Amino acid sequence: MPADLDHLQWLALLVWLTVLVVFLASVAALFFSSRSARIHVRLAWFRHRVSSRPTLRPLLLTATVAIAAALFLQISAGETWAMRLSLVLVGAGVTFVSFDWAWKQATIWINERSVQAREWILRGESARRQMQGLFDPAALRLKACQLIQENLQVRHAGLWMLDGYAYRPVESAPSQPGVDAEFYLNSLLHQELTSGWSFESLLLVDSRDKKPRRWSRISDGNLETEQARFAALSAHVAVPLQSQFNLEGFFLLGPRAGGAAFCPHHLQFAEAVARQLVDSLHVCATVQPVFSRVTEEAHEQATRRTARGTRTHLSPPQRTEIPGIDFGADYWLGDKPGGVCYDIIGLPKRMAAFLLADVPGPIEDAAVRLVQFQALLRSRAWAYNEDLAELVESTARALALSTANHPPISFFCARPILGGLRMQYLNAGHFPPILLRRTGSGAEVTRLHTGGPAIGEAMDTPYQVGEIELKRGDLVAIPSRGLVNALNSESESWGESRLVDSLLGWESRPVKEIVQQALHGVDTFTGKDPNQPPRFLIGLRPSSERNTLEP
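These numbers were taken from a predicted model, which means no experiment stands behind them.

1. Thoughts on the sheet that holds strand E2 (residues 166-173)
Next up, step 1: With respect to topology, six strands assemble into an open sheet ordered E3-E2-E1-E6-E5-E4, the strand pairing being antiparallel. Looking along the sheet, the strands with just one partner apiece sit at the ends: strand E3 (183-184) and strand E4 (202-203).
Next up, step 2: Relative to E2, strand E1 (residues 157-163) is paired through seven bridges, and the arrangement is antiparallel. Bridged to Asp-163 within E2 is Ala-166.
Next up, step 3: Contacting E1, E2 and strand E6 (246-253), helix H4 (residues 137-152) runs over the sheet at an angle of about 65° to E2.

2. Looking at the side chain of Ser-410
Next up, step 1: Of note, Ser-410 is situated in strand E10 (residues 410-417).
Next up, step 2: Residue classification places Ser-410 among the buried residues on the basis of a relative accessible area of 11%.
Next up, step 3: Ser-410 has contacts with Leu-356, Ala-357, Asp-358, Ala-428, Gly-429, His-430 and Ala-454, leaving out every residue within four places of it along the chain.

3. Side note on the confidence of the model for the protein
Residues shown with low pLDDT carry predicted positions that ought not to be read at fine detail.
Next up, step 1: Mean pLDDT over the protein stands at 79; residues scoring 70 or higher make up 78%.
Next up, step 2: Taken together, the stretch residues 34-40 has pLDDT below 50 and engages in zero contacts with residues farther than four places along the chain or on a different chain.
Next up, step 3: In this model residues 44-54 is a low-confidence stretch, pLDDT under 50, and it forms one contact with partners more than four residues away in sequence or in other chains.

4. Considerations on the packing of aromatic side chains
Next up, step 1: Applying the stated criterion across every chain, the model contains 14 aromatic pairs.
Next up, step 2: Judged by centre distance (5.5 Å) and plane angle (65°), the rings of Trp-120 and Phe-269 are edge-to-face. Taken together, the residues Trp-120 in helix H3 (residues 81-132) and Phe-269 in helix H7 (residues 264-314) connect sequence positions 149 residues apart. Residues Trp-120 and Phe-269 agree in their burial class; the two are buried.
Next up, step 3: Summarising the aromatic geometry, the rings of Trp-160 and Phe-183 are spaced 6.4 Å apart at their centres and angled 70° between planes, so their arrangement reads as edge-to-face. Of the two residues, Trp-160 sits in strand E1 while Phe-183 sits in strand E3, which places them 23 residues apart along the sequence. Here Trp-160 matches Phe-183 in class, with each residue buried.
Next up, step 4: Aromatic ring contacts, followed pair by pair, group Trp-160, Tyr-167, Phe-183, Trp-215, Phe-230 and Phe-250 into a single cluster.
Next up, step 5: The ring of Trp-120 carries the charged tip of Arg-123 above its face, separated from the ring centre by 4.4 Å.
Next up, step 6: Above the ring of Trp-332, the side-chain terminus of Arg-535 is found at 3.8 Å from the ring centroid.

Calculation criteria
Residues numbered from 1 in each chain as written. Predicted model: local features only at pLDDT ≥ 70, side-chain atom pairs only at ≥ 80, totals over all residues. Heavy atoms only, no water. Pairing = 2+ DSSP bridges. Helix = DSSP H or I, 4+ residues; strand = E, 2+ residues; numbered from the N terminus. Contact = heavy atoms within 4.5 Å. Axes fitted to C-alpha atoms, helices over the stretch in contact; angles between N-to-C directions. Buried < 20%, exposed > 50% of the residue type's maximum accessible area, 1.4 Å probe, protein only. pLDDT = per-residue confidence, 0-100. Phe/Tyr/Trp six-rings, centres within 6.5 Å; stacked < 30°, edge-to-face > 60°. Lys NZ or Arg CZ within 6 Å of the ring centre and 35° of its normal.

As structure tokens, this is what we get:
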């Protein structure tokens with residue numbers, strides 16, 4: 001060896017010689033420790049694969065080691081080549097080990113962060129799906145608070161919404177905040193949350209020392225006031241509810257369980273819940289009126305079907321034959337059956353009572369009351385068939401308890417006697433029927449008013465029974481109020497005059513045909529509008545023939 005080598009060079013050579021000896025000794029130990037040697041020969045066809053491109057890690061490692069070697073080579077300028085080579089090798093080895101350790105630690109940290117990020121993204125998607133199935137604003141607000149409180153494990157999550165010129169608490173989980181704090185539009189919190197294009201969560205408390213942060217750049221007394229308000233609410237984070245460029249409200253989150261800090265994933269989850277809450281509330285504002293209208297329409301359709309079914313059972317249940325009376329009855333219900341019904345009850349001595357009742361009120365309620373009213377009349381008809389006043393008064397007494405909070409029932413009943421040449425009647429607040437009689441000067445119209453108030457109204461005097469004499473050819477027309485008041489497209493009512501005109505020529509035609517023609521005239525007049533009130537018409541005329549009413 002050269003004699004001019006100094007002690008440092010001898011030391012470097014000694015270190016490398018020691019490493020070489022240890023390496024050769026290890027190889028020799030592994031080789032001589034084997035008692036047998038096996039040689040495996042294998043022939044197989046294989047497809048040549050293009051070598052994959054080097055990944056980022058080898059490239060960075062090579063570049064880092066090369067830079068370190070060049071740096072050590074440059075630093076050792078002026079030294080002998082042995083010394084420079086030793087420094088380059090040692091520096092490259094240390095750089096390789098350091099880079100490999102740092103790369104592994106960074107990979108572990110990034111992987112952990114990626115797992116957490118995916119977990120919180122999945123949590124956010126699950127929370128959004130749960131909120132998308134709700135269409136009640138109150139339930140949405142409560143669900144949003146519960147999701148944040150349960151997932152972030154905060155002591156409480158409160159929601160403040162804009163109401164006029166201030167943000168007021170509307171919901172909280174697990175309970176309402178103890179302090180009823182309000183934040184106005186000119187508050188520092190509003191200014192801070194809306195300071196950028198995209199509103200971001202605001203940390204109100206330092207995660208390290210748990211002391212209030214100076215989160216506003218404004219250094220006046222208002223910041224200390226709002227910090228004290230947040231301290232009273234035990235609020236650590238504010239999460240905005242952004243709607244375009246407006247702040248509709250915000251969440252105030254309490255501290256996490258165990259004093260753990262809020263990481264970015266937690267804030268991103270809370271912001272995802274806030275965005276879904278804003279979207280769902282806007283959907284509710286649009287969909288809820290439509291849903292309510294559809295529900296009301298469905299309920300109304302069901303009510304109409306019920307009323308129609310009830311109307312079927314309110315029709316006269318049997319065939320009625322009255323000697324000396326030619327009569328007919330018909331009705332039209334449309335889409336609103338309403339509370340109108342007619343009945344023809346057979347009485348002793350081959351007589352009958354003609355009844356027409358009008359019960360105002362909601363469709364379903366009116367139908368139920370009509371069933372009750374008809375049952376009471378039928379149960380009393382035979383007992384009071386010769387006293388219409390007592391028939392009505394007895395029915396009114398039976399209805400007294402159930403009609404206390406319901407509108408009165410208008411009612412008309414008539415009973416032809418003596419072969420149809422006389423007729424007793426009672427008008428209890430009903431639209432007055434008319435008696436048409438042919439005279440030398442033309443058609444004469446008489447209205448049948450005698451009776452009293454509608455059933456359910458206060459009475460000063462007992463009901464009065466009217467009686468008229470019927471001549472051959474006279475016609476009694478008993479219309480419902482809905483028939484006379486039917487409107488056309490110009491809001492003009494059908495009226496009594498048109499009713500009389502539709503009945504002209506009654507002497508030469510069957511009463512049933514006359515009634516059907518009158519209803520057809522009203523139908524044409526209204527343009528077949530299905531939303532008109534129900535229409536009923538009963539016609540009576542003395543006749544020597546025996547007539548039958550089909551139910």
